[in-house]
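Examination of the molecular architecture
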Amino acid sequence: MRRMQAALRRFPPEHGIRNMVKGRRLYEGKAKILYEGPEPGTLVVHFKDDATAFNGEKFEVIEGKGVLNNRISEFIFRRLGEMGIPTHFIKRLNMREQLVKRVEIIPLEVIVRNIAAGSISKRLGIEEGKRLPRAIVEFCYKNDDLGDPLVAEEHINAFGWASPQEVDDMVHLALRTNDILSGLFAGIGIRLVDFKLEFGREFLPDGMVRTVLADEISPDSCRLWDMKTEEKLDKDRFRRDLGGLVDAYTEVARRLGIINGDGRNGGNPGPKLVKG
Ligand code: UDP
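Report on the accompanying structure. The structure presented is a predicted model; accordingly, all values stated were derived computationally and were not measured.

The next subject is the overall build of the chain. Helices and strands together make up the secondary structure of the chain, namely eight helices and 14 strands. Out of the 276 residues belonging to the chain, those deemed buried represent 47%. Taking all contacts inside the chain whose residues are at least 6 apart in sequence as the whole, residues at least 24 apart take part in 55%. Carbon and sulfur atoms form 53% of the exposed surface of the chain, whose accessible area is close to 14,500 Å².

Next comes the structure, spelled out in structure tokens:
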């Protein structure tokens, strides 16, 4: 009995059970590591504290970023799932890891924009902060060597990166996601300026293939501006050397109701409405 207690002290159940599931390391990206999951058809995603920008030219380790992104992305994927958006998300395993379905990633970044910022402002000479006439969906080809260039549906079809049906699915799901998330963030006083999505192919047991939302949705992949102060609560704090990235991500998590004001676990009571 005493021996068991000592063993439990050394390996508290949470530690043992929650870490047992991880298999072979499959891939290490800029902000995440993928491992084989406990069952076939699953993966474990580990969120790192690494921050990169400008195609890896700028790099920094920002302590706490991975934990925040894991929690925020979990919250958003759950919400989207509840609203009928198919996603790869299964469950969060611990502070840095989540279990997801293994899908075949479509090599495109799908960007949805509500307000001009970043590359569209540069490309088309639109002042940052200007509301776009309607939500715009863009596709970029995922290729670091080329700097993820903007592509048209013509390229996607011609090079077979995705089928016309998959392009339709991605546009439809991206716009639905935009509606849901714009409302979610507006309710907590945050403007969803733009964001990036990635999709995958889920191979179902009946031989069918469906397009599902994959990767992450976090302040690393969205532009989030405070509605009152216009303060940036996203990765532009790192890209533009503004500092305070962890404070900004913590503020997003706090307003979503994921953590308390002091950074402790808030038990997901849901977003707190901010009166305008
Ligand atoms: N984005 C991303 N990963 C990328 C490129 C863009 O998550 O590799 C996100 C970015 O955070 C922003 C949106 O997609 O929310 C639009 O980014 P943009 O094309 O303006 O490029 P950037 O200015 O970030 O280079």
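With respect to the secondary-structure elements, R223 resides in strand β14 (residues 222–226). With residues up to four places along the chain from it excluded, the contact list for R223 reads R113, A117, G118, R191, L192, V193, D194, D234, D236, R239 and R240.

Here we take up the nonpolar core. In this structure, L108, M170, F185, I217 and L256 are the most contacted members of the largest nonpolar core, which totals 49 residues. Looking at this core, the elements that each hand over two or more residues are β4 (50–53), α3 (65–82), β9 (108–115), β10 (131–141), α6 (164–186), β12 (190–203), β14 and α8 (245–256). Of all the elements, α6 adds the most residues to this core, at eight residues. Once residues within four sequence positions are removed from consideration, I217 is found in contact with I72, S73, I76, F77, L80, T177, L181, L197 and C222.

Read from one edge to the other, the open sheet built from five strands follows the order β1-β2-β3-β7-β6, with strand pairing classed as antiparallel. In the strand order of this sheet, the two ends are held by β1 (25–28) and β6 (89–92), each with one partner. This sheet shows a mean twist of 25° between the axes of neighbouring strands, independent of strand direction. With five bridges joining them, strand β3 (residues 42–47) and strand β7 (residues 97–101) adopt antiparallel strand pairing. Pairing of T42 across the sheet is with K101, part of β7. Across the sheet, α3 is in contact with β3, β6 and β7; its angle to β6 comes to roughly 135°.

If you check the shell around the ligand, you find 15 residues, and the closest are R113, S119, D194, R223 and R239. R113 is positioned with one of its side-chain polar atoms (N or O) 2.7 Å from an oxygen atom of the ligand. S119 has a polar side-chain atom sitting 2.6 Å from an oxygen atom of the ligand. Taken by itself the ligand offers 500 Å² of open surface, and the protein chains cover 78% of this. When contributions to the shell around the ligand are tallied by element, the ones reaching two or more residues are β9, α4 (118–124), β12 and β14. Within the shell around the ligand, the residues separate by chemical class into four nonpolar, three polar and eight charged.

Okay, the pattern of salt bridges next. Taken as a whole and judged by the stated rule, the model has 35 salt bridges. We note a salt bridge from R237 to E231, for which the minimum N-O separation is 4.0 Å. Taken together, the shared-partner salt bridges in this structure form one network comprising R113, R123, E128, E138, D194, R223, D236, R239 and R240.

Scoring rules and cut-offs
- Residues numbered from 1 in each chain as written.
- Predicted model: local features only at pLDDT ≥ 70, side-chain atom pairs only at ≥ 80, totals over all residues.
- Heavy atoms only, no water.
- Helix = DSSP H or I, 4+ residues; strand = E, 2+ residues; numbered from the N terminus.
- Buried < 20%, exposed > 50% of the residue type's maximum accessible area, 1.4 Å probe, protein only.
- Contact = heavy atoms within 4.5 Å.
- Areas by Shrake-Rupley, 256 points an atom, 1.4 Å probe, with all protein chains shown as cover.
- Core = buried A, V, L, I, M, F, W, Y, C linked by side-chain atoms within 4.5 Å.
- Pairing = 2+ DSSP bridges.
- Axes fitted to C-alpha atoms, helices over the stretch in contact; angles between N-to-C directions.
- Near = heavy atom within 4 Å.
- Polar contact = N/O pair within 3.5 Å; in protein donor to acceptor, adjacent residues only side chain to side chain.
- Nonpolar A, V, L, I, M, F, W, Y, C, P; charged D, E, K, R; others polar.
- Salt bridge = Lys/Arg side-chain N within 4 Å of Asp/Glu carboxyl O.

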